[in-house]
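Survey of secondary and tertiary structure
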Amino acid sequence: MYCKRCHSKIEKNIINCPVCGFNNSNDFEMGKTTEIDIAAINGYKEPPNKNKTNPKIIFSIAIILILSILCIKSFITDTKSYDMDKYTTTTTKEVVNTKEFKVGNLRFYYPEEFDVDNNTIFLKDNHDINIVFNIIDEETYVDLLSNNELLDTELNDIEAETYANENNYGYLLDIKNTKYHIVINYTSDITEENQTQINKILKSILIK
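The sections below set out a description of the structure shown in this document. Being a predicted model, the structure only gives us computed values, none of them experimental.

We now examine the pairing of strand E3 (residues 114-117). Note: E3 against strand E4 (residues 120-123), 4 bridges, orientation antiparallel. Counted as the bridge partner of Asp 115 is Phe 122 from E4.

Let's shift gears to the packing of aromatic side chains. All told, the structure shown has 4 aromatic pairs when counted by the stated rule. Judged by centre distance (4.8 Å) and plane angle (40°), the ring pair of Phe 101 and Phe 133 falls under tilted. Taken together, the residues Phe 101 in strand E1 (residues 99-103) and Phe 133 in strand E5 (residues 126-136) connect sequence positions 32 residues apart. A single burial state applies to Phe 101 and to Phe 133, both of which are buried. With centroids separated by 4.6 Å and ring planes inclined at 45°, the aromatic side chains of Phe 108 and Phe 133 adopt a geometry described as tilted. With Phe 108 in strand E2 (residues 106-110) and Phe 133 in strand E5, this pair connects stretches of sequence that are 25 residues apart. Here the aromatic residues Phe 101, Phe 108 and Phe 133 are joined through ring pairs into a cluster of three or more. Over the ring of Tyr 141 we find Lys 179; its NZ or CZ atom is 5.5 Å from the centre of that ring.

Of all hydrophobic cores here, the largest spans 26 residues; its most connected members are Tyr 171, Leu 173, Ile 182, Ile 198 and Leu 202. Of all the secondary-structure elements, those providing two or more residues to this core are E1, E2, E4, E5, strand E7 (158-164), strand E8 (168-175), strand E9 (178-185) and helix H4 (192-203). Excluding its chain neighbours within four sequence positions, the residues that come into contact with Tyr 171 are Thr 153, Leu 155, Ala 160, Glu 161, Thr 162, Tyr 163, Tyr 180, His 181, Ile 182, Ile 184 and Leu 202.

Let's shift gears to the pattern of salt bridges. The final tally for this structure, using the stated rule, is 4 salt bridges. With a shortest N-O distance of 3.6 Å, Lys 99 and Glu 112 are connected by a salt bridge. Placement of the pair is Lys 99 in strand E1 and Glu 112 in the loop between E2 and E3, with a sequence separation of 13 residues. A residue is classified by how much of its surface remains accessible, and Glu 112, at 46% relative accessible area, is partly exposed. Several salt bridges share partner residues, and in doing so they unite Glu 138, Asp 174 and Lys 179 into one network.

Moving on: a negative patch on the surface. Among the surface-exposed residues, Asp 152, Glu 154, Asp 157 and Glu 159 lie close enough to one another that they form a single negatively charged patch. With respect to the helices, strands and loops of the structure, Glu 154 is situated in strand E6 (residues 151-155).

Cut-off values and rules
Residues numbered from 1 in each chain as written. Predicted model: local features only at pLDDT ≥ 70, side-chain atom pairs only at ≥ 80, totals over all residues. Heavy atoms only, no water. Pairing = 2+ DSSP bridges. Helix = DSSP H or I, 4+ residues; strand = E, 2+ residues; numbered from the N terminus. Phe/Tyr/Trp six-rings, centres within 6.5 Å; stacked < 30°, edge-to-face > 60°. Buried < 20%, exposed > 50% of the residue type's maximum accessible area, 1.4 Å probe, protein only. Lys NZ or Arg CZ within 6 Å of the ring centre and 35° of its normal. Core = buried A, V, L, I, M, F, W, Y, C linked by side-chain atoms within 4.5 Å. Contact = heavy atoms within 4.5 Å. Salt bridge = Lys/Arg side-chain N within 4 Å of Asp/Glu carboxyl O. Patch = residues over 30% accessible without salt bridge, like charges linked within 9 Å, V, L, I, M, F, W, Y side chains within 5 Å. Areas by Shrake-Rupley, 256 points an atom, 1.4 Å probe, with all protein chains shown as cover. Lys, Arg positive; Asp, Glu negative; His and termini not counted. Charge placed at Lys NZ, Arg CZ, Asp CG, Glu CD.

Just geometry here; none of it tells us what the structure is for.
Structure representation (structure tokens):
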């Protein structure tokens, strides 16, 4: 037990403290002892638990992580968008038909890369790549129908017949009792861009 005055440790059955002489008989019962918390008497406080986590710190870390994730996600999205804009290209440039070509009641429109000679629209860089337009009679029309394997097709919603040979292909049209024969001649080195240009010329057809 401990002395009630000086808090010195004394034997259980000793009433008077051998250090300060205080009579510890008050509240003393034989066979019973009262333990005194020295730490509490001396004003001792338990040191804070170093392992205890501060809720404010946890909240701050969580906010920082969330903001970091959002920033990274935004950066990745912007990068992908930039890459798509950077690498989205076309294999052929846009064909702009500005010049008009007339044959009978038909009108066709062709780009600057082509020119005209009589009934022919030809590529300036290679005259062997061209489109020949002819108005034909009934007999020639029937011969072409008989001597070629024809398929039904359309040019700008206008009904036509088409056929193909080794270095050319053609179209037959019967519009307002006028027969038209269109032949597209090409070489082995024709480019995809030239093919696109020719297709756009053919599909620009108008009836006037």
